Amino acid sequence: MGTTDNKTSRPASTASTAKLTKEARLMQAREYAKQFVFDTLSAEDLKKMRRNAYAYAI
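These remarks concern the structure in this document. Not measured: the values here are computed from a predicted model. (Residues numbered from 1 in each chain as written. Predicted model: local features only at pLDDT ≥ 70, side-chain atom pairs only at ≥ 80, totals over all residues. Heavy atoms only, no water.)

**Remarks on the packing of aromatic side chains**
As enumerated under the stated definition, the model contains one aromatic pair in all. Taking 5.3 Å as the distance between ring centres and 75° as the angle between the ring planes, the aromatic pair formed by Tyr32 and Phe36 counts as edge-to-face. Residue Tyr32 is classed as exposed on the basis of its relative accessible area, which comes to 54%. Residue Phe36 is classed as partly exposed on the basis of its relative accessible area of 42%. (Phe/Tyr/Trp six-rings, centres within 6.5 Å; stacked < 30°, edge-to-face > 60°. Buried < 20%, exposed > 50% of the residue type's maximum accessible area, 1.4 Å probe, protein only.)

The structure is reproduced here in structure tokens:
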């Protein structure tokens, strides 16, 4: 017959983050966010996109 595995996987960091202060959690979040880089559009790019969308809609 089969065996049943009722264990659920939990991240190891949940126990450690619960004990951190608000400032420490905020610092961790900021460090984590630094790894994501987003390209931003300039004001000119936004104007061009609006004009193109408007021209396409007409």
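Read on, since the account is not over.
**Re the pattern of salt bridges**
For the structure on display, the rule yields two salt bridges. With a shortest N-O distance of 3.2 Å, Lys34 and Glu31 are connected by a salt bridge. Here Lys47 and Glu44 are joined by a salt bridge, their closest N and O atoms 3.7 Å apart. Taken together, the residues span about one helical turn, with Lys47 and Glu44 both in helix α3 (residues 43-57) at a distance of three residues. Of the residues examined, Lys47 reaches a relative accessible area of 37% and is grouped as partly exposed. You can call Glu44 partly exposed: its relative accessible area is 46%. (Salt bridge = Lys/Arg side-chain N within 4 Å of Asp/Glu carboxyl O. Helix = DSSP H or I, 4+ residues; strand = E, 2+ residues; numbered from the N terminus.)

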